[in-house]
Amino acid sequence: MELIQTTPDLSAYLAADEVIDHHHPVVGRTAARLAADVADSYAYARAAYEYVRDAIPHSQDSGDPRVTWRASDVLTLGTGICHAKAHALAALLRAEDIPTALCYQRLLHDDGQGHVVHGLVAVRFHGAWHRQDPRGNKPGVDARFSLDGERLAWTPDPRCNEVDYPDLYAVPHPAVLGALRAAPDRPTLWQTLPTAL
């Protein structure tokens, strides 16, 4: 699948905003701590990915009812669903000048009833975009950082009307961000996340 930048200007994928707030001190401190232990930007990207994947539990897996959407809140509170964790990873990568996009899949919902939009990131290295899934591993899910072939949590099955969306967004999709911001808790969010983009 060919990934498509929705914004031609690559600098948009380095920008800070209210959601991907890499200007926030907690993001800066976390990025500096991760960068201190690595030799180059590739190693930093892997370290940031593994930190978000492993050190910040997916709130559905951990049973945490809180809803986070701003990167600094995800890092401060240590919780979030896939979209929130993607925002946190994007902020950590952009803090170190690594172009990072938000991207999405349409997957069957956990309960098998209907679909839900799942959040990922894509990093730009070697002149190309590489998708990564920081949602967090669990039995049956083994996502890994990779610049040589995707190692995502899931591969959409077209027979089940699952979809890989090719669009690379510089900011969160409005439907996703709207659901995150409006939900008072994760159980409500689970009912209001978009089913398609």
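Rules behind the numbers
- Residues numbered from 1 in each chain as written.
- Predicted model: local features only at pLDDT ≥ 70, side-chain atom pairs only at ≥ 80, totals over all residues.
- Heavy atoms only, no water.
- Phe/Tyr/Trp six-rings, centres within 6.5 Å; stacked < 30°, edge-to-face > 60°.
- Helix = DSSP H or I, 4+ residues; strand = E, 2+ residues; numbered from the N terminus.
- Buried < 20%, exposed > 50% of the residue type's maximum accessible area, 1.4 Å probe, protein only.
- Core = buried A, V, L, I, M, F, W, Y, C linked by side-chain atoms within 4.5 Å.
- Contact = heavy atoms within 4.5 Å.

**A word on the packing of aromatic side chains**
Enumeration according to the criterion identifies four aromatic pairs in this entry. Both rings, one in Tyr49 and one in Phe145, keep their centres 5.8 Å apart while their planes meet at 50°; by these two values the pair is tilted. Within this pair, whereas Tyr49 is found in helix H2 (residues 41–55), its partner Phe145 is found in the loop between strand S4 (128–132) and strand S5 (163–164), the two being separated by 96 residues in sequence. Classification of Tyr49 by relative accessible area gives buried; the value is 0%.

**Examining the nonpolar core**
With 47 residues, the main nonpolar core has Tyr44, Leu92, Leu93 and Leu102 as its most contacted residues. Of all the elements in the fold, those that place two or more residues in this core are helix H1 (25–35), H2, helix H4 (71–77), helix H5 (82–95), strand S2 (100–108), strand S3 (115–125), helix H6 (174–182) and helix H7 (186–192). In terms of residue count, the dominant contributor to this core is H5 (eight residues). Setting aside residues no more than four positions away along its own chain, Leu92 makes contact with Val27, Thr30, Ala31, Leu34, Tyr44, Ala48, Tyr51, Val52 and Leu75. Among the nonpolar cores identified, the runner-up in size contains 11 residues, and Ala12, Tyr13, Cys103 and Trp129 belong to it.

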